[in-house]
Amino acid sequence: MLAREWVDLREVGSSVYGPVPFEIRVWVVDGLPIAWSFHYLNVVSKPEGFPPGPEDLRTLSKIAASVAPAFRSRFIVVDVAKRKKGGWVMIEAGPGSCAGTGHEGVFRHVCSRLRGEKGGFSGDDVGGPLT
């Protein structure tokens, strides 16, 4: 059984199944939030309200960093969504090995960090680095 709070989320577009929420996946390696990407990039290529501002990215990073210690995995993802009335809510978190993204640059950046490399990734309107 699963119980979940009903949350009114800000919308960034629509799909054949209805509104698409303003949801961001934060990529965490070794306890550090290293990148973010729009979660539904495969559904909406140009989401309204993107990119998030610097304050929002700092908030996302703080949320992800606070969740990371609950996991023993060195690679996790934290999905966070923007509420209609403002603020952010964590939707879910889990092992990064089963997470996907439609953002090639973020994917490459995460893979590089998992290999211990530090690269120059600048990002774009729908995904980018956090550190």
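Everything below is about the structure shown above.
Below is a summary of the structure that appears in this document. Just so it is clear, the structure is predicted and the values come from calculations on it, not from any experiment.

Definitions and limits used
Throughout this document, residue positions are counted from 1 along each chain, in the order its sequence is written. Under the rules for a predicted model, residues below a pLDDT of 70 receive no local features and side-chain atom pairs below 80 are neither given nor counted, while totals for whole chains, interfaces and linings still include all residues. Each side-chain value is derived from all of the structure's non-hydrogen atoms; neither hydrogens nor water enter the calculation. Classification of ring pairs rests on two measures: the distance between centres of Phe, Tyr or Trp rings, Trp counted by its six-membered ring, which must be within 6.5 Å, and the angle between planes, read as stacked under 30 degrees, edge-to-face over 60 and tilted in between. Only DSSP runs of H or I reaching four residues or more are called helices, and only runs of E reaching two or more are called strands; each is numbered from the N terminus. When a residue's accessible area, from a 1.4 Å probe over protein chains only, is under 20% of the maximum for its type it is buried; when over 50% it is exposed; and in between it is partly exposed. The criterion for a charge sitting over a ring is simple: Lys NZ or Arg CZ within 6 Å of the ring centre, and within 35 degrees of the ring normal. Two cysteine sulfur atoms make up a disulfide if the distance between them is within 2.5 Å. Arc, as used here, means the arc of the directions from the helix axis to the C-beta atoms. Contacts are assigned to residue pairs that have any heavy atoms within 4.5 Å of one another. Only buried residues count toward a nonpolar core. Its members are Ala, Val, Leu, Ile, Met, Phe, Trp, Tyr and Cys residues joined through side-chain atoms within 4.5 Å. Whether two strands pair comes down to DSSP finding at least two bridges between them. Every angle, taken between N-to-C directions, lies between 0 and 180 degrees, and every axis is a line fitted to C-alpha atoms, over only the stretch in contact when it is a helix.

A word on the packing of aromatic side chains
One pass over the structure, following the stated rule, counts six aromatic pairs. Their ring planes at 65 degrees and their centres at 5.0 Å tell us that Phe38 and Phe50 sit as a pair that is edge-to-face. Of this pair, Phe38 sits in strand E4 (residues 32-38) while Phe50 sits in the loop between E4 and helix H1 (54-67), and the two are 12 residues apart along the sequence. Residue class for Phe50 comes out buried when judged on its relative accessible area of 12%. Aromatic ring contacts, followed pair by pair, group Phe22, Trp36, Phe38, Tyr40, Phe50 and Trp88 into a single cluster. Positioned above the aromatic ring of Trp27 is the side chain of Arg25, whose terminal nitrogen or guanidinium carbon lies 5.9 Å from the ring centre. The lysine or arginine in question, Lys82, covers the ring of Phe22, its NZ or CZ lying 5.3 Å from the ring centre.

Looking at the state of the cysteines
Applying the stated rule across the entire model yields zero disulfides. Cys98 takes part in no disulfide bond, and the closest cysteine sulfur to it belongs to Cys111, at a distance of 14 Å. Given a relative accessible area of 64%, Cys98 falls into the exposed group.

A short note on helix H2 (residues 104-114)
When H2 is considered as a whole, its buried residues turn out to be Val106, His109, Val110, Ser112 and Arg113. For H2, the angular spread of the buried residues around the axis is 160 degrees, confining them to a single face. Summarising the contacts, the buried residues of H2 are in contact with strand E3 (23-29), E4, strand E5 (75-82) and strand E7 (127-129). Just downstream of H2 lies Gly116, where phi reads positive at about 85 degrees.

Some words on the nonpolar core
Formed by 23 residues in total, the largest nonpolar core has its most connected members in Ile24 and Phe38. When residues in this core are grouped by element, the largest group, five residues, is from H1. In this structure, Trp27, Val77, Val106 and Phe121 belong to the second largest nonpolar core, which totals nine residues.

Some details on the sheet that holds strand E6 (residues 88-95)
With antiparallel pairing, the five strands of this open sheet are ordered in space as E6-E5-E3-E4-E7. Both edges of this open sheet fall to E6 and E7, since each of them pairs with a single strand only. Mean inter-strand twist for the sheet, computed between neighbouring axes without regard to direction, equals 20 degrees. Across six bridges, the pairing between E3 and E4 is antiparallel.

With respect to the pairing of E5
In terms of burial, E5 is largely enclosed, as eight of its eight residues are buried. Of the two faces of E5, both are covered, the one formed by Phe75, Val77, Asp79 and Ala81 as well as the one formed by Ile76, Val78, Val80 and Lys82. Alignment of E3 against E5, held across seven bridges, turns out to be antiparallel. Residue Val26 lies in a different strand from E5, and its bridge partner there is Val78. Pairing of E5 with E6 involves seven bridges; the strand directions are antiparallel. Within E6, the position partnered with Asp79 by the bridge is Glu92. Hairpin connection, E5 to E6: the antiparallel pair is bridged by five residues, and Gly86 has positive phi, about 100 degrees.

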